[in-house]
Amino acid sequence: MTPSPSLAPNPILERAAANGVALDMQGAVAVVRLCRQAKRNALNDGLIEALRDVFQNLPAQARAAVIHGEGDHFCAGLDLSELKERDAGEGIHHSRGWHVALNAVEQGRVPVVAALHGAVVGGGLELASASHIRVADESTFYALPEGTRGIFVGGGGSVRVPKLIGTARMIDMMLTGRVYDAHEGERVGFAQYRVPTGTALSKAIELATRIATNAPLTNFALTHAMPRIAEQPADHGLFTEALIASIAQAAPEAKARVRAFLEGKAAKVQKS
Ligand code: 1HE
């Protein structure tokens, strides 16, 4: 498993590939692949570190990213075979390591689209929740088996999953082992797009390719300012909005795009 030949050699990306996370560039889209299908892309320590390294070291030409999993499932969550007897301090550091890796996905340089299929469970759902857009095919199912395994989420799930589906639904999933299928998953808010089986990756790349054409500062505002504004008191949120809006509109690219529309050279908004 080696990174795309179009990429300059990078020992960090080579180590990530050896640990099960491959990166290929498709134009301006970084396509990140979990490559551990024999274990249903279960996330061991090496894979978590590889995810962190890839998202912290995306090539300069990347303006959007897609993440997907090889085989029949997106991701089976934490590699349970590595669940050792940890004391409380070791457990905290393990969880914090996941937080660093998934923060690199959520708070990295580019918007991330997750292409989901099959199992999106436990830590796999935590990873999907760290992405900005989720595209799920009809084979997708969502669960948090931590509750029935006698453990708890530790990869940011208690913060990110309720933002998608609400606290009550997450508590229900963990207390009862409830599994949502693709249709219900879209209804409750796991995925923004539901597509036919086998087409999640191509749809995700299509969306990421479009996202990559946005002004970078607009994408930055959406992925970095917007989630923070949502957590601020309204008055602080309005103030932050005014700051980020003025920064975005001051960029030469914004001026050029607005001018192009006013001169009739840019696309109108079309009813789909
Ligand atoms: C694994 C794992 C894993 C598969 N850790 N080895 N996650 C879970 O509790 C989900 C556990 N996995 C499953 O429920 C099923 O494997 C799947 C529904 C995902 C897929 O089923 P299937 O029939 O396609 O595959 P399989 O036959 O169950 O698994 C194939 C192999 O992958 C098998 O190993 P083998 O050596 O016998 O071939 C499985 O043992 C292995 N495998 N999933 C380790 N998760 C930061 S905290 C996060 C906490 C959590 O994520 S807890 C939830 C863990």
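Numbers given to residues run from 1 along each chain, matching the order in which its sequence is written. Totals for whole chains, interfaces and linings use all residues, but because this is a predicted model, local features are given only for residues with pLDDT of at least 70 and pairs of side-chain atoms are given and counted only at 80 or more. Side-chain numbers come from the whole structure's heavy atoms, not from hydrogens or water.

## Digging into the sheet that holds strand 7 (residues 141-143)
Strands belonging to one sheet form pairs held by backbone hydrogen bonds; the direction of such a pair is parallel or antiparallel.
So, point 1. Pairing between strands is defined by DSSP: at least two bridges between them are needed. Comment: elements are numbered from the N terminus, with helices defined as DSSP H or I runs of at least four residues and strands as E runs of at least two. As summarised here, the arrangement of the three strands in space is 5-7-8, forming an open sheet in which the pairing is mixed. On the outer flanks of this sheet lie strand 5 (119-121) and strand 8 (180-181), each paired with one strand and no other.
So, point 2. Where strand 7 lies against strand 8, two bridges are found, and the strand directions are antiparallel. Paired with Tyr142 across the two strands is Tyr180, which belongs to strand 8.
So, point 3. The strands touched by helix 4 (residues 123-130) within the sheet are strand 5 and strand 7, with strand 5 carrying the most contacts at an inclination of about 90°. Contacts are assigned to residue pairs that have any heavy atoms within 4.5 Å of one another. Interaxial angles span 0 to 180 degrees and are taken between N-to-C directions of axes, which are lines fitted to C-alpha atoms, for helices over the stretch in contact.

## Brief notes about the pattern of salt bridges
Pairing between side chains becomes possible if they bear opposite charge and their charged atoms approach one another.
So, point 1. What makes a salt bridge here is a side-chain nitrogen of Lys or Arg within 4 Å of a carboxyl oxygen of Asp or Glu, nothing more. Going through the model one piece at a time under the given rule, you end up with 13 salt bridges.
So, point 2. Among the salt bridges present, the one from Arg15 reaches Asp53, with a minimum N-O distance of 2.5 Å. Taken together, the residues span a long stretch of sequence, with Arg15 in helix 1 (residues 11-18) and Asp53 in helix 2 (residues 45-56) at a distance of 38 residues.
So, point 3. Here the term buried applies to any residue with accessible area under 20% of the maximum for its type, exposed to any over 50%, and partly exposed to those in between, with areas from a 1.4 Å probe on protein chains only. The class for Arg15 is partly exposed, based on a relative accessible area of 45%.
So, point 4. Here Arg160 and Glu106 are joined by a salt bridge, their closest N and O atoms 2.9 Å apart.

## Looking at the packing of helix 11 (residues 234-250) against helix 12 (residues 252-262)
When two helices pack together, their arrangement is given by the angle between the helix axes and the distance between those axes.
So, point 1. Where helix 11 contacts helix 12, the axes come no closer than 5 Å and their chain directions differ by 75°. With respect to each other, helix 11 and helix 12 are oriented roughly perpendicular. Counted together, Ala248, Gln249 and Ala250 of helix 11 and Pro252, Ala254 and Lys255 of helix 12 form the full contact between these two elements.
So, point 2. Three classes are used, and their members are as follows: Ala, Val, Leu, Ile, Met, Phe, Trp, Tyr, Cys and Pro are nonpolar, Asp, Glu, Lys and Arg are charged, and the others, Gly among them, are polar. Residue composition of the contact of helix 11 with helix 12, by class: four nonpolar, one polar and one charged. Orientation labels follow simple angle bins: below 35 degrees gives roughly parallel, above 145 gives roughly antiparallel, 65 to 115 gives roughly perpendicular, and whatever is left gives oblique.

## Regarding the site of the ligand
So, point 1. Nearness is judged by heavy atoms alone; a residue qualifies as near a molecule or strand once a single heavy atom is within 4 Å of it. Lining the immediate surroundings of the ligand are 22 residues, of which Lys39, Ala76, Leu78, Gly123 and Arg149 lie closest.
So, point 2. The term polar contact refers here to a pair of N or O atoms within 3.5 Å; inside protein, the definition further demands a hydrogen-donor-capable atom paired with an acceptor-capable atom, and it admits residues adjacent in sequence only when both atoms are side-chain atoms. A distance of 2.7 Å separates an oxygen atom of the ligand from a polar atom in the backbone of Gly123.
So, point 3. Arg149 has a polar side-chain atom sitting 2.6 Å from an oxygen atom of the ligand.
So, point 4. All accessible areas in this document rest on Shrake-Rupley with a 1.4 Å probe, and a residue is counted as covered only by the protein chains that are shown. Contact with the protein chains removes 65% of the 1,000 Å² of surface that the ligand exposes when unbound.
So, point 5. Mapped by element, the contributors of at least two residues to the shell around the ligand are strand 5, helix 4 and helix 5 (146-149).
So, point 6. A class-by-class count of the residues in the shell around the ligand yields 10 nonpolar, six polar and six charged.

## Focus: the layout of surface pockets
So, point 1. Buried and open spaces are told apart on a 1 Å grid over the protein atoms alone, a cavity being a set of points where a 1.4 Å probe fits but cannot get out and a pocket being an open set with protein on both sides within 12 Å along at least five of seven lines. Residues with an atom within 4 Å of a point are the lining residues. Grid points are joined across faces, edges and corners, and a volume is the space filled by probe spheres set on the points. Of the volumes computed, that of the largest pocket is approximately 950 Å³.
So, point 2. Listed by contribution, the elements that provide at least two residues to the lining of the largest pocket are helix 3 (88-106), helix 4, strand 6 (133-137), helix 6 (157-165) and helix 10 (216-231).
So, point 3. Looking at the lining of the largest pocket element by element, the count peaks at nine residues for helix 10.
So, point 4. The residue inventory of the lining of the largest pocket, partitioned by class, reads 11 nonpolar, 17 polar and seven charged.
So, point 5. Looking at the second largest pocket, its volume works out to about 500 Å³.
So, point 6. If you trace the second largest pocket, you find 23 residues lining it, with Leu78, Leu83, Glu146, Ile151 and Phe152 closest to the centre.
So, point 7. Looking at the lining of the second largest pocket, the elements that each hand over two or more residues are helix 3, helix 4 and helix 5.

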